[in-house]
Amino acid sequence: MSLLPSRDQLMQSWPSVFPGIDRVVLLFNEPDNAGISGQELVRQGNSYRLRTLVIDGLENLVTKGDLGYTWLHPDQLPFENKNTLSDQFQLFSEEQHVVLSLRLGNTGGMVDFFYLFFREDQSNFGVSRLQGPLDTARKALIGSVVFRMARMFYKSAQQFFDYIEEFTSVTRGLLENQSVDSEPVVGIEWISHWAEDFLSNYPLQPSGRWVLHESSLKKLQKAADFNAAKTALSKAAQMTAMLYGKEDDWTILPATIFFTTKQEVRPVEKSPINNSESRMSRTKQWLDNIETAAARLVSVGEEPTGAAVGQSLQRPVSAPAITDWLRKNQRRVMLLLNQYPEKWPVIREHFRPLTNLVQREQKMRQTG
């Protein structure tokens, strides 16, 4: 069974968000398809019917355009016959702009278009005590909130897909018996102490304790190097938290520990001062912890603010403390961001204390 794309999941959710909405239209273009695809959700009594739309001549609509929202009159819809509107009708028909158009960027780099057909009153929003048509102020508020909600839905759905892919990879590795059979390079006692220390600082924690049996420790022994062992244990901890999140003790099974066939080689910044390397390592670990906390907030639809992320850490800190830490470690943070361009995607885009730091650094370089 395959998961539905984000747009299809959102399409089916609109009647639950806006009870009794009359109609929803979705337009999109798959990367491999030169034509336009469309779906329509139409209310029939107390239920809805989903049907496919055949649309031609709108290629530019779904490949271009700024993301955001717009309120349209039904006669302004690009996929239906347009009527000629008089100048007077255009000037005095604001209350009849009741179709909310949302433009959302999908993972393929294209744009998905949703058209939500509301009534001219507030009945679709569950506000029974307010009378009269939807005015401009309410429409602006509704459009902004609905667009942000839909955008967050897309991002959360993509993160869920990533978790499923990770789970699938682990399961396939178990079924296909893909493992590293090299001789252990470190003792089992050292691995045990190191794993316990690593798990005690992991961002997600059980209410009871972590459990690592000897079979799991022996599998960790087979890692090609320290980075491979740390990556494998981190992924195993993430998978275990997903599988046993409601239990007191979280047991890391050997099947959740796997090593990629190609070990990624990253350039290492050499320094003659061991203390400097230690500080760089601590800075990298701090960014990893902030990334995990921010990603967890985004996955449940919350904004990763400094205060929210700080309280989500294993050892909660305040937002000012995060800002102060970034200021004191600015040079090392920027070095790591440049050295690992593919890491920390959530906080690079959504964590304002970090984005502000990067913007200030860029301005200093431009003026310098």
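What counts as what
- Residues numbered from 1 in each chain as written.
- Predicted model: local features only at pLDDT ≥ 70, side-chain atom pairs only at ≥ 80, totals over all residues.
- Heavy atoms only, no water.
- Helix = DSSP H or I, 4+ residues; strand = E, 2+ residues; numbered from the N terminus.
- Buried < 20%, exposed > 50% of the residue type's maximum accessible area, 1.4 Å probe, protein only.
- Pairing = 2+ DSSP bridges.
- Contact = heavy atoms within 4.5 Å.
- Phe/Tyr/Trp six-rings, centres within 6.5 Å; stacked < 30°, edge-to-face > 60°.
- Lys NZ or Arg CZ within 6 Å of the ring centre and 35° of its normal.
- Core = buried A, V, L, I, M, F, W, Y, C linked by side-chain atoms within 4.5 Å.
- Axes fitted to C-alpha atoms, helices over the stretch in contact; angles between N-to-C directions.
- Parallel < 35°, antiparallel > 145°, perpendicular 65-115°, else oblique.
- Nonpolar A, V, L, I, M, F, W, Y, C, P; charged D, E, K, R; others polar.

*Asks:* Can you break down the overall build of the chain residue by residue, with the values?
*Replies:* Helix and strand counts for the chain stand at 13 helices and eight strands. By the burial criterion, 38% of the 368 residues in the chain qualify as buried.

*Asks:* An account of the pairing of strand S5 (residues 99-105) is needed here, citing residue identities and associated values.
*Replies:* Of all seven residues that make up S5, six are buried, and the element is covered over most of its length. Here strand S4 (residues 68-72) runs beside S5; their pairing, made up of five bridges, is antiparallel. Paired with glycine 68 across the bridge in S5 is arginine 103. Pairing geometry for S5 and strand S6 (residues 111-117), over seven bridges, is antiparallel. Directly across from valine 99, in S6, lies its bridge partner phenylalanine 117.

*Asks:* Describe the side chain of threonine 355, naming the residues involved and giving the relevant values.
*Replies:* Tracing the backbone shows threonine 355 in helix H13 (residues 352-367). When neighbours within four sequence positions are excluded, threonine 355 is seen to be in contact with Ile347, Arg348 and Glu349.

*Asks:* Describe the packing of aromatic side chains, with residues and values.
*Replies:* Taken as a whole and judged by the stated rule, the model has 13 aromatic pairs. With a centroid separation of 5.0 Å and 85 degrees between ring planes, the pair formed by phenylalanine 18 and phenylalanine 118 is classed as edge-to-face. Of this pair, phenylalanine 18 sits in the loop between helix H1 (6-17) and strand S1 (23-28) while phenylalanine 118 sits in the loop between S6 and helix H4 (136-175), and the two are 100 residues apart along the sequence. On the numbers, 5.7 Å between centres and 35 degrees between planes, the contact of tryptophan 194 with phenylalanine 198 is tilted. Of this pair, tryptophan 194 and phenylalanine 198 are both found in helix H5 (residues 188-200), four residues apart, which corresponds to roughly one turn of the helix. Accessibility assignment for this pair places tryptophan 194 and phenylalanine 198 in one class, buried. Joined through ring pairs, the aromatic side chains of Trp190, Trp194, Phe198, Tyr202, Trp210, Phe226 and Trp250 make up one cluster. One Lys or Arg, lysine 139, reaches over the ring of tryptophan 71 and ends 5.7 Å from the middle of that ring.

*Asks:* Any details on the nonpolar core? Residues and values, ideally.
*Replies:* Grouped together as the largest cluster of nonpolar side chains are 25 residues, with contacts concentrated most on Ile290, Val309, Leu326, Trp344, Ile347, Phe351 and Leu354. Among all residues touching leucine 354, those that are not within four sequence positions of it are Leu326, Val333, Leu337, Ile347 and Arg348.

*Asks:* Tell me about unusual backbone geometry, residues and numbers included.
*Replies:* Positive phi values are uncommon outside glycine, yet tryptophan 344 reaches one of about 55 degrees. In this structure, tryptophan 344 sits in the loop between helix H11 (330-339) and helix H12 (345-350).

*Asks:* Residues and numbers for the packing of H5 against helix H6 (residues 214-221), please.
*Replies:* For the pair H5 and H6, the least separation of the axes is 9 Å and the interaxial angle reads 100 degrees. On the basis of their axis angle, the class for H5 and H6 is roughly perpendicular. Residue-level inspection shows Ile188, Ile191, Ser192, Trp194 and Ala195 of H5 in contact with H6, the latter providing Glu214, Leu217, Lys218, Leu220 and Gln221. Partitioned by chemical class, the residues of the contact of H5 with H6 number six nonpolar, two polar and two charged.

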